[in-house]
Amino acid sequence: AQSVTQPDARVTVSEGASLQLRCKYSYSATPYLFWYVQYPRQGLQLLLKYYSGDPVVQGVNSFEAEFSKSNSSFHLQKASVHWSDSAVYFCALSMSSAGNKLTFGIGTRVLVRP
Amino acid sequence: GPKVLQIPSHQIIDMGQMVTLNCDPVSNHLYFYWYKQILGQQMEFLVNFYNGKVMEKSKLFKDQFSVERPDGSYFTLKIQPTALEDSAVYFCASSLTVNTGQLYFGEGSKLTVL
């Protein structure tokens, strides 16, 4: 069975600093990988996705993620965070034919200090 | 962007009662989903629904659960009767296509069963 691990429950960074959120997955083949974000009082929104090809994918709001098959990882990064990036970030995977049945990590809560 | 609305945002009921959670999906979407998140745990897939039928359900989708979308109105999750372990946040999602992982989520309906 597949699984997603986000080892950091909470991350606090200062505005302008860089951010990296870790995600490790367990799946026998190469899955589809996603990062979703949930801002306060909103539903989850898709930040970026990886299906195949270039392992570095760009998303909205200057986020990017890098897929590593050897490390079974899909870490999310942003070079310079803004206070509005404070949110909960979820890593998720699905099998290619899974009918949008996503397996989520537990989420990482990010607090950006002014 | 497109929004998924969920009603109610929070409901408290006594064990054994019936509850209906309502979801107003994105207007042109064809696929609908419910996910369940118990406090402190990952969000987990419950069920997906297309063309008036359940496509797939997980083992969490107990016999007491049912979904429907009568006449293109709300997509509903009904639990009858409720149990203590049904206490969770239930997220509705919708998508235009399947197998892309691009879902639009609501803010969630928090259900507390006493």
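Our subject is the structure that appears above.
These numbers were taken from a predicted model, which means no experiment stands behind them.

Colleague: So what exactly am I meant to see when it comes to the interface of chain B and chain A here?
Modeller: Interface size is commonly expressed as the accessible surface area that is lost when the partners come together. On the side of chain A, 23 residues touch chain B, which itself brings 22 residues to the contact. Considering only the surface of chain B that becomes buried against chain A, Met43(B), Asn99(B) and Phe105(B) emerge as the three largest contributors, covering 29% of it. Run the count over chain B and chain A and you get one salt bridge. Two residues, Glu56(B) and Lys101(A), come together in a salt bridge whose shortest N-O distance is 2.7 Å. Remark: the boundary between chain B and chain A carries seven residue pairs in polar contact (both at pLDDT 80 or more).

Colleague: Looking at this model, I keep getting lost on the pattern of salt bridges. Mind explaining?
Modeller: Pairing between side chains becomes possible if they bear opposite charge and their charged atoms approach one another. All names here are of chain B. In the structure shown here, the tally under the stated rule is five salt bridges over all chains. Note that Lys62 and Glu85 form a salt bridge whose closest N and O atoms lie 4.0 Å from each other. Of this pair, Lys62 sits in the loop between strand E6 (53-57) and strand E7 (65-68) while Glu85 is found in the loop between strand E8 (75-79) and strand E9 (88-95), placing the two residues 23 residues apart along the sequence. If you follow the salt bridges from partner to partner, you end up with Lys62, Glu85 and Asp86 in one network.

Colleague: Before we go on, may I ask you to explain the state of the cysteines in this structure?
Modeller: By definition, a disulfide links two cysteine residues through a covalent bond between their sulfur atoms. Inspection of the entire model under this criterion finds two disulfides over all chains. The side chain of Cys23(A) participates in a disulfide bridge whose partner is Cys91(A); the two sulfur atoms lie 2.0 Å from each other. Taking the sign of the S-S torsion, -70 degrees for the link of Cys23(A) and Cys91(A), the bridge is left-handed. Of the two residues, Cys23(A) is situated in the loop between strand E3 (19-21) and strand E4 (24-26) and Cys91(A) in strand E10 (residues 87-94); the sequence distance between them amounts to 68 residues. Each of the two residues, Cys23(A) as well as Cys91(A), counts as buried. In this model Cys23(B) forms its disulfide with Cys92(B); the gap between the sulfur atoms is 1.9 Å.

Cut-offs applied
Positions within a chain are numbered from 1, following the residues in the order the chain's sequence is written. To label them, take the chains in the order written and letter them from A, then take the ligands in the order written and number them from 1. Predicted model: local features are reported for residues with pLDDT of at least 70 only, side-chain atom pairs are reported and counted for 80 or more only, and whole-chain, interface and lining totals are derived from all residues. Computation of side-chain values: all heavy atoms of the structure, hydrogens and water removed. We call two residues in contact when some of their heavy atoms are within 4.5 Å. Accessible area that two parts lose when put together, evaluated with a 1.4 Å probe and summed over both, is termed the buried area. Salt-bridge detection follows one rule: a side-chain nitrogen of Lys or Arg within 4 Å of a carboxyl oxygen of Asp or Glu. Between N or O atoms, a polar contact is any pair within 3.5 Å; within protein, one atom must be a potential hydrogen donor and the other a potential acceptor, and residues adjacent in sequence are included only when both atoms are from side chains. For helices the rule is a DSSP run of H or I covering at least 4 residues; for strands it is a run of E covering at least 2, with both sets numbered from the N terminus onward. Note on terminology: disulfide denotes any pair of cysteine sulfur atoms within 2.5 Å. We call a residue buried when its accessible area falls under 20% of the maximum for its residue type, exposed when it is over 50%, and partly exposed in between, using a 1.4 Å probe and counting protein chains only.

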